[in-house]
Amino acid sequence: LKTASILVTGANGQLGSEIRTLVSQYPDFDFHFVDIADVDLADETSVRKFFEDKSFQFIINCAAYTAVDKAEEQVELATKINADAVRLLARIAAEKKMRIIHVSTDYVFSGEANYPLTEESKPAPVSVYGESKLKGEQYLLDLKPDSYIIRTAWVYSTFGKNFVKTIMKLASERKELKIVGDQIGTPTYAADLAKVILTIIDSIVSGKKDQPGLYHYTNEGVASWFDFAFYIQNFFSYDCKIHPIRTEEYPTAARRPKFSLLDKSRIKKVFAVEIPHWTTSLQSCLSKFQQDGGAQ
Ligand SMILES: NC(=O)c1ccc[n+]([C@@H]2O[C@H](COP(=O)([O-])OP(=O)(O)OC[C@H]3O[C@@H](n4cnc5c(N)ncnc54)[C@H](OP(=O)(O)O)[C@@H]3O)[C@@H](O)[C@H]2O)c1
């Protein structure tokens with residue numbers, strides 16, 4: 001007998017794909033994976049129709065509008081997916097008594113701090129993406145306070161589009177790369193985040209612990225995008241010199257927080273999770289790429 005039915009949205013994204021790889025480790029969980037083709041979160045009718053004849057114990061909402069720069073132009077679509085859809089999921093979940101594990105971002109912060117940000121730190125987004133994700137959080141906390149919201153940052157994986165793949169491509173093609181060195185945060189391997197999410201569900205289902213609310217989760221340690229890129233270049237010994245530059249030298253449509261180091265004390269304390277250092281996790285991700293035939 002299965003102990004929990006779990007709907008995973010955004011199933012083809014980085015995090016959704018990493019959760020899929022863990023299915024065999026949780027034989028008691030009944031997973032249902034959906035992406036935009038099955039249910040379009042930007043379309044209320046599509047969402048309502050999907051849930052008409054279905055219910056789950058948990059929804060892990062990995063779906064999001066994640067194109068940070070494009071969001072500056074596509075404000076409406078970003079808001080629909082990152083905020084309005086979360087409000088709708090919260091309402092439906094309340095009706096059907098489903099629990100929600102939602103994923104948010106360090107971009108809800110302004111980046112003005114110079115100390116690790118806790119769940120009590122005041123959010124003040126500086127981009128449309130950050131604004132839309134913060135709205136999603138607020139709807140969920142208001143309408144479905146028994147939800148979990150996990151803020152993460154700088155997510156990469158062997159699946160989907162991400163910074164690691166971009167650097168692998170560019171560093172294998174070019175002799176020099178200029179990478180922003182004055183934005184500080186922590187890279188996060190989606191595989192680690194996926195494990196933590198399932199640990200939380202397991203803890204709820206088994207009656208061990210259930211303490212909903214906001215949580216911060218990234219890998220341990222501190223890095224700039226330059227450090228992140230340098231590690232990748234060094235791992236593969238690409239013949240490419242990486243130079244740190246200032247944010248001003250790499251203009252983007254969206255502003256990004258200068259400093260968004262997240263304090264992970266709460267999740268470590270409540271769920272007794274051990275968080276790997278970002279270099280340890282990046283190394284294991286890059287080793288996977290290597291096993292699969294090197295840089296693609
Ligand atoms: N990536 C990061 O660096 C980062 C940093 C901090 C927080 N986060 C958060 O972490 C979570 C997971 O991120 P991720 O990196 O796994 O994202 P991702 O790889 O971009 O995956 C998002 C998934 O959502 C799907 N999606 C987009 N619009 C949708 C819609 N209207 N209806 C249904 N599904 C839709 C996407 O499908 P298509 O690909 O077909 O559009 C994609 O499969 C998100 O909440 C994100 O905001 C990410």
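Predicted model only: the values in this text are computed from it and were never measured.

S.K.: Would you mind going over the overall build of the protein chain in detail, with residue names and values included?
M.R.: Helix and strand counts for the protein chain stand at 9 helices and 12 strands. At 19 Å, the protein chain has a C-alpha radius of gyration in line with the 19 Å of a compact globule built from 296 residues. Each principal axis of the C-alpha atoms in the protein chain carries an extent, and together these give about 55 × 40 × 40 Å. The 296 residues of the protein chain split such that 53% are buried. In the protein chain, of all internal contacts separated by at least 6 residues, the share reaching a separation of at least 24 is 83%. In the structure as shown, the protein chain presents an accessible area of about 13700 Å², 50% of it carried by carbon and sulfur atoms. Seen as two clouds, the 36 positive and the 38 negative side-chain charges of the protein chain have centres 1 Å apart.

S.K.: Lay out the packing of helix H5 (residues 163–173) against helix H9 (residues 278–291) in plain terms, naming residues and giving numbers.
M.R.: Between H5 and H9, the least distance of the axes is 12 Å, while the angle of their chain directions is 55 degrees. On the basis of the axis angle, H5 is oblique to H9. Crossing of H5 over H9 shows right-handed handedness. Of H9, the residues touching H5 (which contributes Val164, Lys165 and Met168) are Leu282, Leu286 and Phe289. Class assignment for the residues of the contact of H5 with H9 results in 5 nonpolar, no polar and 1 charged.

S.K.: Go over the environment of Tyr189 with me, naming the residues and quoting the values.
M.R.: Here Tyr189 is to be found in strand S9 (residues 188–189). A relative accessible area of 4% places Tyr189 in the buried class. With 121 residues separating them along the chain, Tyr189 and Val68 place their C-alpha atoms 19 Å apart. Once you skip the residues sitting within four places of it in the chain, Tyr189 turns out to touch Glu18, Tyr156, Ser157, Asn219, Ser281, Ser284, Cys285 and Lys288.

S.K.: Requested: an account of the nonpolar core, with residues and values cited.
M.R.: Of all hydrophobic cores here, the largest spans 35 residues; its most connected members are Val164, Met168, Phe228, Ile232, Leu282 and Leu286. Of all the secondary structure elements, the ones that give two or more residues to this core are helix H3 (75–96), helix H4 (128–143), H5, strand S7 (176–180), helix H7 (225–236) and H9. When residues of this core are assigned to their parent elements, the largest contribution, 6 residues, is made by H7. Formed by 31 residues, the second largest nonpolar core is a distinct cluster that contains Tyr148, Leu193, Ile201 and Val273.

S.K.: An account of unusual backbone geometry is needed here, citing residue identities and associated values.
M.R.: Positive phi values are uncommon outside glycine, yet Ser237 reaches one of about 50 degrees. With respect to the secondary-structure elements, Ser237 resides in the loop between H7 and strand S12 (241–245). With relative accessibility at 61%, the residue Ser237 sits in the exposed group.

S.K.: Which residues make up the environment of Pro125, and what are the values?
M.R.: Counting through the fold element by element, Pro125 comes out in the loop between strand S4 (99–105) and H4. For Pro125, a relative accessible area of 17% translates into the label buried. The residues contacting Pro125, other than those within four sequence positions of it, are Tyr107, Val108, Phe109, Gly130, Glu131 and Leu134.

S.K.: Describe H5, with residues and values.
M.R.: Residues spaced three or four apart along an α-helix point in a common direction, a consequence of the helix completing one turn every 3.6 residues. Those residues of H5 that fall on the buried side of the exposure criterion are Val164, Ile167, Met168 and Ala171. When H5 is viewed along its axis, its buried side chains cluster within an angular range of 105 degrees and face the same direction. The secondary structure elements touched by the buried residues of H5 are strand S6 (155–156), S7, H7 and H9. Two or three places before Val164, at the opening of H5, Asn162 has a side-chain oxygen 3.1 Å from that residue's backbone nitrogen.

S.K.: Talk me through the site of the ligand; I want residue IDs and the actual numbers.
M.R.: Around the ligand, the structure places 25 residues, and the nearest of them are Asp35, Asp40, Thr66, Tyr129 and Lys133. Between the ligand and Asp35, the relevant distance is 2.7 Å, taken from an oxygen atom to a side-chain nitrogen or oxygen of the residue. With respect to the ligand, the side chain of Thr66 contributes an N or O atom lying 2.7 Å from an oxygen atom. Alone, the ligand offers 900 Å² of accessible surface; in the complex the protein occludes 80% of this. Elements that contribute at least two residues to the shell around the ligand include exactly helix H1 (14–21), S4 and H4. With 3 residues, S4 is the single largest residue contributor to the shell around the ligand. Partitioning the shell around the ligand into residue classes produces 14 nonpolar, 8 polar and 3 charged.

S.K.: Tell me about the sheet that holds strand S10 (residues 213–216), and name the residues and values.
M.R.: Strand order in the open sheet formed by 6 strands is S2-S1-S3-S4-S5-S10, with parallel pairing between adjacent strands. Every interior strand has two partners, whereas the edge strands, strand S2 (29–33) and S10, have only one. Averaged over all adjacent pairs, the angle separating strand axes in this sheet is 20 degrees, with direction ignored. Here 4 bridges tie strand S3 (residues 58–61) to S4, and the two strands are oriented parallel to one another. What sits directly across from Ile59, in S4, is Ile100. Where H4 meets the sheet, it contacts S4, strand S5 (148–152) and S10, and its direction lies at approximately 155 degrees from that of S4.

Here is what the cut-offs are and how they apply
Residues numbered from 1 in each chain as written. Predicted model: local features only at pLDDT ≥ 70, side-chain atom pairs only at ≥ 80, totals over all residues. Heavy atoms only, no water. Helix = DSSP H or I, 4+ residues; strand = E, 2+ residues; numbered from the N terminus. Rg over C-alpha atoms; globule rule 2.2 N^0.38 Å. Buried < 20%, exposed > 50% of the residue type's maximum accessible area, 1.4 Å probe, protein only. Contact = heavy atoms within 4.5 Å. Areas by Shrake-Rupley, 256 points an atom, 1.4 Å probe, with all protein chains shown as cover. Lys, Arg positive; Asp, Glu negative; His and termini not counted. Charge placed at Lys NZ, Arg CZ, Asp CG, Glu CD. Axes fitted to C-alpha atoms, helices over the stretch in contact; angles between N-to-C directions. Parallel < 35°, antiparallel > 145°, perpendicular 65-115°, else oblique. Left-handed = near helix turned anticlockwise from the far one by under 90°. Nonpolar A, V, L, I, M, F, W, Y, C, P; charged D, E, K, R; others polar. Core = buried A, V, L, I, M, F, W, Y, C linked by side-chain atoms within 4.5 Å. Arc of directions from axis to C-beta. Polar contact = N/O pair within 3.5 Å; in protein donor to acceptor, adjacent residues only side chain to side chain. Near = heavy atom within 4 Å. Pairing = 2+ DSSP bridges.

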